[in-house]
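# Survey of secondary and tertiary structure
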Amino acid sequence: MFTETTLVINCGSSSLKFSLICPQTGETLLNGLAECLSSNDATLSYTFENNKQSQPLLAPFNHQVAINALVAILKQHHLVDKITAIGHRIVHGGEKYGQPTIITEAVKTEIDKLAQLAPLHNPANLIGIQACEQAFKHLPQVAVFDTAFHQTMPAKAYIYGLPYKLYQEHGIRRYGFHGTSHYFVAKQAASLINKPIDECNFISAHLGNGCSITAIKNGKSVETSLGLTPLEGVMMGTRSGDIDPSIVFHLVDQLGYSAEQVNQMLNKESGLLGVSQLSNDCRALERAMVEDNHPGAKLALDIFCYRIAKTIASFTASLTKLDAIIFTGGIGENSAFVREQVLSQLSLLGMKVDADKNLAARFGQSGKITTTNSRAAWVIPTNEEWVIAEQTQQKLIQE
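The present account deals with the structure reproduced in this document. Predicted model, so just to flag it, every value in this text is computed and none were measured.

Parameters at a glance
Residues numbered from 1 in each chain as written. Predicted model: local features only at pLDDT ≥ 70, side-chain atom pairs only at ≥ 80, totals over all residues. Heavy atoms only, no water. Phe/Tyr/Trp six-rings, centres within 6.5 Å; stacked < 30°, edge-to-face > 60°. Helix = DSSP H or I, 4+ residues; strand = E, 2+ residues; numbered from the N terminus. Buried < 20%, exposed > 50% of the residue type's maximum accessible area, 1.4 Å probe, protein only. Axes fitted to C-alpha atoms, helices over the stretch in contact; angles between N-to-C directions. Parallel < 35°, antiparallel > 145°, perpendicular 65-115°, else oblique. Left-handed = near helix turned anticlockwise from the far one by under 90°. Contact = heavy atoms within 4.5 Å. Nonpolar A, V, L, I, M, F, W, Y, C, P; charged D, E, K, R; others polar. Pairing = 2+ DSSP bridges.

## Structural notes on the packing of aromatic side chains
- Counted by the stated rule, this structure contains five aromatic pairs.
- Between the aromatic rings of Y97 and F145, the centroid separation amounts to 4.7 Å while the plane-to-plane angle is 5°, which identifies the pairing as stacked. One end of the pair, Y97, is in the loop between β6 (83–90) and β7 (101–102); the other, F145, is in strand β8 (residues 141–145), with 48 residues separating them in the sequence. Pair check on accessibility: Y97 and F145 agree, each one buried.

What follows is the structure in structure tokens.
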């Protein structure tokens with residue numbers, strides 16, 4: 001069955017996700033996660049043929065050790081010879097990379113330069129590339145960029161109202177993220193409504209601990225909510241999303257916060273967690289609201305759903321027609337409550353939720369969740385790993 005596969009690597013600062021995928025079908029042969037890297041608690045767990053196994057990692061507990069352990073597992077299950085390429089998720093490609101790219105020394109240098117725009121992500125992505133180059137010297141390595149899908153946005157969507165030289169000299173602009181996710185669900189939605197993707201117009205809501213909304217016109221991204229970094233846009237699990245920029249100066253000048261403390265607060269202590277003072281987990285907040293009548297949980301979810309609905313409504317300005325709204329990501333795929341709350345605030349767009357269909361579209365199930373006399377809204381589980389595998393293979397075929 002799996003005559004050729006792509007090994008997909010998604011490297012974080014202290015983690016390494018991996019999947020062995022057939023690029024033609026999206027079937028996964030093996031997947032897993034190395035976590036708590038750089039600590040004594042570093043472990044690697046993986047699933048193969050429905051069996052999950054876990055093992056501790058050895059000192060120095062780094063990404064190279066995790067890759068070496070992965071190679072040993074692949075050899076143990078006689079999978080190494082099935083791998084034809086390595087596809088890497090790279091968070092920030094700036095303006096330079098709008099397509100999958102074969103990794104060379106020059107490309108690695110550019111990814112390193114772009115670390116100034118994604119200091120938490122690109123350095124870790126680069127570590128993953130270097131570790132794989134050591135372990136898989138004979139295989140081509142391809143970079144697939146989170147920002148690439150959004151490179152079709154017009155200037156009016158990505159230029160900030162700042163002195164233009166900041167864009168010209170320093171690349172300060174909206175880039176957007178979750179590009180592989182928005183690309184995947186748009187393609188799936190086009191298939192579901194039986195239209196060519198280049199004739200489709202969607203607003204896609206990727207809702208998880210990180211959230212982004214994207215307007216897709218004729219199959220291409222024309223507007224997105226995340227900006228220079230993944231802090232802009234709607235409120236998220238621990239990120240504030242949009243705020244008055246002067247709040248930063250007030251915190252520093254009047255309340256004595258350091259720049260580092262403000263950065264920590266806006267990225268790690270705000271959002272659902274900060275407002276609720278309880279949790280960043282949407283499931284926990286829904287339970288607390290229903291079972292305990294927790295006021296913080298209710299307020300956090302109210303703000304979360306309202307900001308999403310407001311952003312979706314505003315993004316219709318970038319479209320002349322709308323085929324459907326798409327929900328994806330961990331919350332978008334599984335929270336019937338959040339979807340219903342968002343769509344109920346979009347009645348001016350003709351949205352009417354079908355309660356039974358909305359409850360049924362969970363836990364990996366795609367489905368239309370609106371009534372027959374409503375504009376369409378769909379739940380579509382995302383599969384970013386498949387996109388990376390598919391685009392890696394396509395890039396190698398082009399070469």
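## Brief notes about the packing of helix α11 (residues 295–315) against helix α13 (residues 336–344)
- Between α11 and α13, the least distance of the axes is 8 Å, while the angle of their chain directions is 50°. When the interaxial angle is binned, α11 and α13 end up oblique. In the packing of α11 onto α13, the handedness of the crossing is right-handed. Touching L301, F304, C305, I308, A309 and I312 of α11 are F337, V338, Q341 and V342, all from α13.
- Across the contact of α11 with α13, the residue classes tally to nine nonpolar, one polar and no charged.

## So, the sheet that holds strand β2 (residues 16–21)
- Across the sheet, eight strands lie side by side as β5-β4-β3-β2-β1-β6-β8-β7; this open sheet has mixed pairing. Single-partner strands in this sheet number two, and they are β5 (51–56) and β7.
- Examined bridge by bridge, strand β4 (residues 43–48) and β5 share six bridges and lie antiparallel to one another. In the strand pairing of β5, F48 is matched with N51.
- Seen against the sheet, helix α1 (residues 63–76) touches β1 (5–11), β2, β3 (28–35), β4, β5 and β6 and runs at an angle of roughly 30° to β4.

## Regarding the environment of G241
- Along the polypeptide, G241 turns up in the loop between β11 (220–224) and α7 (246–253).
- Judged by its relative accessible area of 6%, G241 falls in the buried class.
- For G241 and V65, which are 176 residues apart along the polypeptide, the C-alpha to C-alpha distance reads 36 Å.
- With near-sequence residues (within four places) excluded, G241 lies in contact with L231, E232, G233, V234 and M235.

## Things to note about the sheet that holds strand β14 (residues 376–379)
- Across the sheet, six strands lie side by side as β11-β10-β9-β12-β14-β13; this open sheet has mixed pairing. Strand pairing shows two members of the sheet lacking a second neighbour, β11 and β13 (367–368), which therefore form its edges.
- Inspection of the sheet shows strand β9 (residues 201–207) paired to strand β12 (residues 324–328) by five bridges, in the parallel sense. Opposite F202, over in β12, you have A324 as the bridge partner.
- Running at roughly 20° to strand β10 (residues 211–217), α11 makes contact with β9, β10, β11 and β12 of the sheet.
- The strands touched by α13 within the sheet are β9, β12 and β14, with β12 carrying the most contacts at an inclination of about 155°.

It is worth stressing that arrangement in space is one thing and function is another; only the former is reported here.
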